[in-house]
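Chain and residue survey
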Amino acid sequence: MNLRHSILILVLALPAAAAAQSPAPYRPGLGDLMTMTVQPRHLKLGLAGQEKNWPYAVYEGHELEEAFERIAKQVPKWRDFDIGQLIAATVKQPLDDLEAAAKAGDGQRFDAAYRQLTDACNACHKSVNLGVIVIKAPDASSFPNQDFRATKP
């Protein structure tokens, strides 16, 4: 075997060796997904409602619903729990009520539906033995670079 042939074998083997050592793709767990996608949407939805920014509340409500849908697809089962079923049983109705209240611009209905949503989140946590995770309505913004007040056309 000559030097040229040895180099050729080495060059051809490098991609296979690199691929064999590549780490597995990052797959966030249920807690990661809840913290990254659901919790900020819940917070933003609450702040939009506090500011009576109804178009933005409708938008965030839809984004929150989509976050739950993506989580159910990504993590269909956690421990012995069917995540899609838990989501449907706990937050679907409050999200529908929030959307209707925001579209109607009804602050009282929105506040009641937001409390219902927050209570549903906490009930779900308790049902899966994670009652230590307690969600509440925001009393401050974690997004100082976003104005939640309604804009005027």
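For the structure itself, consult the block above.
How each quantity is defined
All residue numbers here refer to positions counted from 1 along the written sequence of the relevant chain. Only residues with pLDDT of at least 70 are given local features in this predicted model, and only at 80 or more are side-chain atom pairs given and counted; all residues enter the totals for whole chains, interfaces and linings. For the side-chain quantities, the full set of heavy atoms in the structure was used; hydrogens and water were omitted. Segments assigned H or I by DSSP are reported as helices when at least four residues long, segments assigned E as strands when at least two residues long, and all are numbered from the N terminus. Any residue under 20% of the maximum accessible area for its type is buried, any over 50% is exposed, and the rest in between are partly exposed; the area is computed with a 1.4 Å probe on protein chains only. When checking whether two residues touch, look at their non-hydrogen atoms; a contact exists if any pair is within 4.5 Å. Expected helix span is taken as 1.5 Å per residue step, with the number of steps being one fewer than the number of residues. The reported bend at a residue is simply the angle between two axes, fitted to the 7 residues ending at it and to the 7 residues beginning with it. Pairs of N or O atoms within 3.5 Å make up the polar contacts considered here, provided that, within protein, one atom can donate a hydrogen while the other can accept it, and that residues adjacent in sequence are counted only when both atoms are side-chain atoms. The convention used is that axes are lines fitted to C-alpha atoms, helices contributing only their stretch in contact, and that angles between N-to-C directions extend from 0 to 180 degrees. Working definition: roughly parallel below 35 degrees, roughly antiparallel above 145 degrees, roughly perpendicular at 65 to 115 degrees, and oblique for all remaining angles. Take the far helix as your reference; a near helix turned counterclockwise from it by less than a right angle gives a left-handed crossing, and one turned clockwise gives a right-handed crossing. Only buried residues count toward a nonpolar core, which is a set of Ala, Val, Leu, Ile, Met, Phe, Trp, Tyr and Cys residues joined through side-chain atoms within 4.5 Å. To pair, rings of Phe, Tyr and Trp, with the six-membered ring standing in for Trp, must have centres within 6.5 Å; the planes then decide the type, stacked if under 30 degrees apart, edge-to-face if over 60, and tilted in the middle. A ring is scored as having a charge over it whenever the NZ atom of a lysine or the CZ atom of an arginine sits within 6 Å of its centre and within 35 degrees of its normal. Amino acid classes used here: Ala, Val, Leu, Ile, Met, Phe, Trp, Tyr, Cys and Pro are nonpolar; Asp, Glu, Lys and Arg are charged; the rest, including Gly, are polar.

This paragraph deals with the overall build of the protein chain. Of regular secondary structure, the protein chain possesses six helices and two strands. Overall, the protein chain shows an N-to-C arrangement of helices and strands of α-α-α-β-β-α-α-α. The proportion of buried residues among the 153 residues of the protein chain is 33%. Contacts spanning at least 24 positions in sequence make up 60% of the contacts within the protein chain whose residues lie at least 6 apart.

With 21 residues, helix α2 (residues 30–50) extends 28 Å between its outermost C-alpha atoms, agreeing within 8% with the 30 Å of an ideal straight helix rising 1.5 Å per residue. Along α2, the sharpest kink reaches roughly 30°, centred on V38 and followed within four residues by the proline P40. Every buried residue belonging to α2 is among L30, L33, V38, H42, L43, K44, L45, G46, L47, A48 and G49, and all of these are buried. Contacts from the buried residues of α2 go to α3 (54–74), β1 (77–78), α4 (83–90), α5 (92–104) and α6 (107–127). Of the residues flanking the end of α2, it is K52, one or two places downstream, whose phi is positive at about 55°.

Turning our eyes to something else, we now look at the environment of H62. Within the secondary structure, H62 is located in helix α3. For the pair H62 and L95, spaced 33 residues apart in sequence, the C-alpha to C-alpha distance is 8.3 Å.

Turning our attention to α6. End to end, α6 covers 30 Å across 21 residues, agreeing with the expected 30 Å (1.5 Å per residue, within 8%). All of the buried residues along α6 are G107, F110, A113, Y114, L117, T118, A120, C121, N122, C124 and H125. The opening residue of α6 is D106, an N-cap whose side-chain oxygen sits 3.2 Å from the backbone nitrogen of Q108. The first or second residue beyond α6 is N129, which carries a positive phi of 65°.

We now examine the packing of α2 against α6. The interhelical angle for the contact between α2 and α6, taken along N-to-C directions, is 160°, at an axis separation of 10 Å. Regarding the angle of α2 to α6, the classification is roughly antiparallel. Both α2 and α6 take part in a crossing whose hand is left-handed. Facing H42, L43, L45, G46 and G49 of α2, the residues of α6 in contact are F110, Y114, L117 and T118.

So, about the nonpolar core. The biggest cluster of nonpolar side chains holds 34 residues, and the ones touching the most others in it are L45, I83, V91, L98, F110 and L117. Elements with a contribution of two residues or more to this core: α2, α3, α4, α5 and α6. If we skip the residues at most four places from it in the chain, L45 touches A57, E60, G61, L64, L98, F110, Y114 and L117.

A full pass over the atoms with the stated rule returns five aromatic pairs. Taking 6.2 Å as the distance between ring centres and 15° as the angle between the ring planes, the aromatic pair formed by F110 and Y114 counts as stacked. With F110 and Y114 both in helix α6 and four residues apart, the pair spans about one turn of that helix. Each member of the pair F110 and Y114 is classed as buried. Members of the aromatic cluster, connected to one another through ring pairs, are W54, F110 and Y114. Between the NZ or CZ atom of K44 and the centre of the ring of F143, over which it lies, the distance is 4.5 Å.

All right, on to the packing of α5 against α6 then. At their nearest, the axes of α5 and α6 sit 8 Å apart, and the two run at 160° to each other. As far as their axial angle goes, α6 and α5 are roughly antiparallel. With respect to the hand of their crossing, α5 and α6 are arranged in left-handed fashion. From α5, P94, L95, D97, L98, A100, A101, A102 and A104 reach across to α6, where they touch R109, F110, A113, Y114, Q116, L117 and A120. In terms of residue class, the contact of α5 with α6 is made up of twelve nonpolar, one polar and two charged.

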